[in-house]
Amino acid sequence: RVWLVRGNHEDRQMNEKYGFQDACDRLLGKEFGPKVFELMQGAFNRLPVACLVAEKILCVHGGIGDGTWKLDDLRTIPRPLAGDTITSNSWIFNILWSDPIEDGKDADPNIFGVHESPRGGVAAQFAWNITKTFCARNGLSLIVRSHQSKRG
């Protein structure tokens, strides 16, 4: 099986602002461009914001934000999921937009908790302890972010 997980760019405002709508109109014309754009938005609004692999691996686009939500909360997210529901629920917004605070040999080992994102707004940055607590509380062994990949 292959699951597509919704990210922060599968959003009407992002697609209007960053050229997807214009590309549809330019490439498909005035008759079909708007129709295809609307159909794509409908598909994006139905994508899951996360998936669980083998009951132990959570896949999201962004992150876990403050990490206070539970896996069962994902089942309460309505679909189609439109922009106003995303922006009015910070935990859903952060699944799409939040970032982990970098760790590793050059990182400050004394950074813990949740911090405001440099992106501003509701987006959060979360430290390793938030991830560890979230995984323990939800019985997870790993969180995979599709927004960023790194070579090991």
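Here's what I pulled together on the structure shown here.

1. Quick word on the state of the cysteines
Within the structure shown, the criterion is met by 0 disulfides. In this structure C51 is a free cysteine whose sulfur lies 4.1 Å from that of C59, the closest cysteine sulfur available. Under the relative-accessibility criterion, C51 is labelled buried at 14%.

2. Comments concerning the layout of surface pockets
A volume near 390 Å³ is recorded for the second largest pocket. Breaking the lining of the second largest pocket down by element, the ones donating at least two residues are β1 (50-53) and α3 (71-74). For the lining of the second largest pocket, the element with the highest residue contribution is β1, accounting for 3 residues.

3. Some thoughts on helix α6 (residues 128-138)
Along α6, the positions that sit buried rather than exposed are I130, F134, C135 and N138. The buried side chains of α6 occupy one side of the element, clustering within an arc of 125° when seen end-on. The exposed residues of α6 that point more than 90 degrees off its buried face are K132 and A136. Close packing links the buried residues of α6 with β2 (57-60), α3, β4 (114-116), β5 (124-126) and β6 (142-145). Where α6 ends, the next residue or the one after it, G139, has phi of about 70°, a positive value.

4. Observations regarding the packing of aromatic side chains
Inspection of every chain in the model, using the stated rule, returns 6 aromatic pairs. Here the aromatic rings of F20 and F37 are separated by 6.0 Å at their centres, their planes lie at 45°, and the arrangement is tilted. When its relative accessible area of 1% is taken as the criterion, F37 is described as buried. Ring pairing ties together the aromatic residues F20, F37 and F44, which thus form one cluster.

What counts as what
- Residues numbered from 1 in each chain as written.
- Predicted model: local features only at pLDDT ≥ 70, side-chain atom pairs only at ≥ 80, totals over all residues.
- Heavy atoms only, no water.
- Disulfide = S-S within 2.5 Å.
- Buried < 20%, exposed > 50% of the residue type's maximum accessible area, 1.4 Å probe, protein only.
- 1 Å grid on protein atoms, 1.4 Å probe; cavity = no way out; pocket = protein on both sides within 12 Å on 5 of 7 lines; lining within 4 Å.
- Points joined across faces, edges and corners; volume = space filled by probe spheres on them.
- Helix = DSSP H or I, 4+ residues; strand = E, 2+ residues; numbered from the N terminus.
- Arc of directions from axis to C-beta.
- Contact = heavy atoms within 4.5 Å.
- Phe/Tyr/Trp six-rings, centres within 6.5 Å; stacked < 30°, edge-to-face > 60°.

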